[in-house]
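For reference, the chains in residue letters:
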There are 2 protein chains.
Amino acid sequence: MKEFLEDINKAFESKVRLGIMSMLMVNNEVDFNTFKEMLGLTDGNLASHLKTLEGLGYIEVKKEFIERKPRTTYSRTCEGEQAFKEHLQALEAFIKQATD
Amino acid sequence: MKEFLEDINKAFESKVRLGIMSMLMVNNEVDFNTFKEMLGLTDGNLASHLKTLEGLGYIEVKKEFIERKPRTTYSRTCEGEQAFKEHLQALEAFIKQATD
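Residues numbered from 1 in each chain as written. Chains lettered and ligands numbered in written order. Predicted model: local features only at pLDDT ≥ 70, side-chain atom pairs only at ≥ 80, totals over all residues. Heavy atoms only, no water.

The name given to chain A in an unreviewed UniProt entry is Winged helix DNA-binding domain-containing protein, with the source organism recorded as bioreactor metagenome.

See the structure below:
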């Protein structure tokens, strides 16, 4: 049992963070409001999960001004991509043994 | 995205609880020390996760004396079994769309 759980990354236990990383695997850049809409979250909740992933070095933040309006976009890092892929593989292996 | 995440049960986000429920799907009864060994946890950490699952009605606790020694065993409830199966299905669907 332990060996199946060891590779499940605690950073991605939260389904919000699963959602954030998924969106960043498919899109090179996602802005704050798109996350908010797609995941159905409040600003505070979303910001806190994004900060955690940024702190772990799994995502990068870019702040810019477009037509004088601030815009914050996020992208995955190489490390984040690798960690997320490993997490999905660990989940798959776990489900396989749980449902076999 | 939202629809894939909605069916992921927050109660099972934690990998410790994934492990507990998995063990209770395969075995009708598991005692405290077996969980501890199989999952590699401290008493406090394990007890807290078991209490959460009990509070949700997903597992049941039985306390008894065997040769004058106290023994605490746990089993899944019907509700817990159903909820866990739905969670695994939701995780599977999520992984499928994330890796397709």
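(A) View of the pattern of salt bridges. In the structure shown here, the tally under the stated rule is 14 salt bridges over all chains. Note that A:Glu81 and A:Arg76 form a salt bridge whose closest N and O atoms lie 2.8 Å from each other. When its relative accessible area of 24% is taken as the criterion, A:Glu81 is described as partly exposed. For the salt bridge of B:Glu29 with B:Lys62, the shortest nitrogen-to-oxygen distance reads 2.6 Å. Residue B:Glu29 is found in the loop between helix 2 (15-26) and strand 1 (30-31), and its partner B:Lys62 is found in strand 2 (residues 59-66); the two are separated by 33 residues along the sequence. Among the charged side chains, a network of salt bridges with common partners joins A:Asp31, A:Glu64 and A:Arg71. (Salt bridge = Lys/Arg side-chain N within 4 Å of Asp/Glu carboxyl O. Buried < 20%, exposed > 50% of the residue type's maximum accessible area, 1.4 Å probe, protein only. Helix = DSSP H or I, 4+ residues; strand = E, 2+ residues; numbered from the N terminus.)

(B) Inspection of empty space enclosed by the protein at higher detail. This model, assessed by the stated rule, comprises 1 cavity of 30 Å³ or more. A:Ile8, A:Phe12, A:Glu13, A:Leu18, A:His87, A:Leu91, B:Ile8, B:Phe12, B:Glu13, B:Leu18, B:His87 and B:Leu91 together form the lining of the largest cavity. Elements with a minimum of two residues in the lining of the largest cavity: helix 5 (78-99) of chain A together with helix 5 (78-99) of chain B. The residue makeup of the lining of the largest cavity, split by class, is 8 nonpolar, 2 polar and 2 charged. (1 Å grid on protein atoms, 1.4 Å probe; cavity = no way out; pocket = protein on both sides within 12 Å on 5 of 7 lines; lining within 4 Å. Points joined across faces, edges and corners; volume = space filled by probe spheres on them. Nonpolar A, V, L, I, M, F, W, Y, C, P; charged D, E, K, R; others polar.)

(C) Structural detail: the UniProt feature "domain: Winged helix DNA-binding" (unreviewed entry) in chain A. In the numbering used here, UniProt assigns the feature "domain: Winged helix DNA-binding" (unreviewed entry) to residues 16-95 of chain A. For residues 16-95 of chain A, the end-to-end C-alpha separation is 20 Å, with 62% helix and 22% strand making up the annotated structure. (UniProt positions renumbered as here; feature names shortened; annotations may be inferred.)

(D) Molecular detail of a negative patch on the surface. A cluster of acidic side chains, namely A:Glu3, A:Glu6, A:Asp7 and A:Glu86, defines a negative patch on the protein surface. Relative to the assigned elements, A:Glu6 resides in helix 1 (residues 2-6). (Patch = residues over 30% accessible without salt bridge, like charges linked within 9 Å, V, L, I, M, F, W, Y side chains within 5 Å. Areas by Shrake-Rupley, 256 points an atom, 1.4 Å probe, with all protein chains shown as cover. Lys, Arg positive; Asp, Glu negative; His and termini not counted. Charge placed at Lys NZ, Arg CZ, Asp CG, Glu CD.)

(E) Local environment of the environment of A:Leu53. Mapped onto the secondary structure, A:Leu53 falls in helix 4 (residues 43-55). Classification of A:Leu53 as buried rests on a relative accessible area of 0%.

(F) Looking closely at the confidence of the model for chain A. Residue and element names in this part refer to chain A. Taken as a whole, chain A shows an average pLDDT of 92; of its residues, 100% reach a score of 70 or greater. Ranking the elements of chain A by mean pLDDT puts helix 1 last, at 80, and helix 4 first, at 97. Scoring the predicted complex yields pTM 0.82 and, for the interface, ipTM 0.72. (pLDDT = per-residue confidence, 0-100.)

(G) Region of interest: the interface of chain B and chain A. Counting residues at the interface gives 26 residues for chain B, matched by 26 residues for chain A. Buried surface at the junction of chain B and chain A, summed over both partners, amounts to about 2,200 Å²; 73% is from carbon and sulfur atoms. Three residues stand out in chain B for area buried against chain A, namely B:Met1, B:Lys15 and B:Ile95, and they jointly supply 28% of the buried area on that side. For the side of chain B that touches chain A, the element with the highest residue contribution is helix 5 of chain B, accounting for 9 residues. Among the residues forming the side of chain B that touches chain A, the class breakdown is 13 nonpolar, 6 polar and 7 charged. (Contact = heavy atoms within 4.5 Å. Buried area = accessible area lost by both parts, 1.4 Å probe.)

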